[in-house]
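Summary of structural features
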Amino acid sequence: APPILLGLSIVLALCTMVIGPYHVDFLQVWEIILSHLIGTPTDATTAEDLVVWTIRFPRAIGAFVVGAALAASGAVMQGMFRNPLADPGLIGVSAGASLMAAVGIVLARVWFESVNEMLGFWMVPVFAFVGGTVVTFFIYIVSLTPRGVSVVTMLLAGIAINAMVGAVSGTLTYVATDAQLRDMAFWSLGSLGGVSWKYMGVVGALALVCVAFLSLAKRLNALLLGESEARHVGIDTKMLNRKCIVLTALAVGFSVSIAGPVAFVGIVVPHLLRLIMGPDHRYLLPNSMLLGGCLLLFSDILAKTMFTPAEIPIGIITAPDKVK
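A short tour of the structure in this document, coming up. Nothing here was measured: the structure is a model prediction, and the numbers come from that model.

Considerations on the state of the cysteines
For the structure on display, the rule yields zero disulfides. For the unlinked cysteine C210, the closest cysteine sulfur is that of C294, found at 13 Å. What makes C210 buried here is its relative accessible area of 7%. Just so you know, C244 is unpaired, no disulfide at all, and the nearest cysteine sulfur is the one on C210, 14 Å from it.

Re the packing of helix 6 (residues 123-142) against helix 7 (residues 151-175)
Where helix 6 contacts helix 7, the two axes come as close as 9 Å, and the packing angle between them is 140°. When the axes of helix 6 and helix 7 are compared, the pair comes out oblique. Relative to helix 7, the crossing made by helix 6 is right-handed. Residues V135, F138, I139, Y140 and V142 of helix 6 touch helix 7, and the partners they reach there are T153, M154, A157, G158 and I161. The residue inventory of the contact of helix 6 with helix 7, partitioned by class, reads eight nonpolar, two polar and no charged.

Quick notes on the nonpolar core
Core analysis: the largest hydrophobic core is formed by 97 residues, its most contacted members being F213 and I258. Here the element with the most residues in this core is helix 3 (residues 46-81); it accounts for 17 residues. Residue contacts for I258: discarding those within four places in its chain leaves V66, S191, V195, Y199, V202, V203 and L206.

Conventions we followed
Counting from 1, residues in each chain are numbered in the order their sequence is written. For a predicted model such as this one, the threshold for reporting local features is a pLDDT of at least 70, and the threshold for listing and counting side-chain atom pairs is 80 or more; totals across whole chains, interfaces and linings nevertheless cover every residue. Water and hydrogen atoms were dropped before computing side-chain values, which therefore reflect all heavy atoms in the structure. Two cysteine sulfurs form a disulfide in these notes if their separation is within 2.5 Å. Only protein chains enter the area calculation, which uses a 1.4 Å probe; residues under 20% of their type maximum are buried, those over 50% are exposed, and those in between are partly exposed. Between N-to-C directions, angles span 0 to 180 degrees; the directions come from axes that are lines fitted to C-alpha atoms, helices contributing only their stretch in contact. Secondary structure follows DSSP: runs of H or I at least 4 residues long count as helices, runs of E at least 2 residues long count as strands, and numbering of each begins at the N terminus. Here the word oblique covers every angle except those under 35 degrees (roughly parallel), over 145 (roughly antiparallel) and from 65 to 115 (roughly perpendicular). The hand of a helix crossing depends on one turn: near helix anticlockwise from the far one by less than a right angle means left-handed, and clockwise means right-handed. Note on contacts: a residue pair qualifies if any of its non-hydrogen atoms lie within 4.5 Å across the two residues. Under the convention adopted here, Pro, Cys and the residues Ala, Val, Leu, Ile, Met, Phe, Trp and Tyr are nonpolar, Asp, Glu, Lys and Arg are charged, and Gly plus all remaining residues are polar. Side-chain atoms within 4.5 Å are what join buried Ala, Val, Leu, Ile, Met, Phe, Trp, Tyr and Cys residues into a set we call a nonpolar core.

So, in structure tokens, the structure goes:
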């Protein structure tokens, strides 16, 4: 399965670089990429080079890595909670990120003017990352007990945080100007349109988080037996839960800072693969990453082609209920 999914991801990445309002041939795309990577000659025009290398290539990389990170986060959360319906949004990461992004959009020029001047276009992504991380650690502290992390308490705290964040976001929506409301609405739908080479540092960090997820596979398999059973076979369940939470916070925080909140991927991809290949995380995690990346690349293609030349937010493709 991994070679098939890897091949599919390469094909979809090429398709997303070919398809768009400005059409570029497959062979031309290859020539442009190789000319930048290894210096081979190309007869591509300046416009074709700009479209492929500056706009579409970093966007394809960002789409794949974000999809991989969200799917891996979902697989880890489902393994930690031992519940196939768990997803990263369950513990409030996405909610915290969305709240701080709204704060950055609505209040940045009033309360955080100096920060806004310093960060520039990074303002909303940085606020989103900080919000997701802070909320996750808060929930972790609340659910910490002498015997380790109480999964039930974390679940309840996550539901409560989601509800409170919704109320605060509603208040910000009420006081926002028309322009700020439009920015909030577009950001909350998720989009890969802003991904460029400037984001590659964050994308690289997100890729490292994905690699770190793979190191949890064997311990997550032991955790499927239950926390007490995992402790009996030598697994430090407290440390394992902490690593799962930290990596999930980083993965979703980075993903939201790059593409906004993208639903559906984190819950459906690992659940589908678990039905096909079973619960062994040694195979589930890498295949979830590949399939998650493929799913987001395919969603990006649909977002660019459904109403050409207009582009719809990718969050509408992955979670159509957002448009209700």
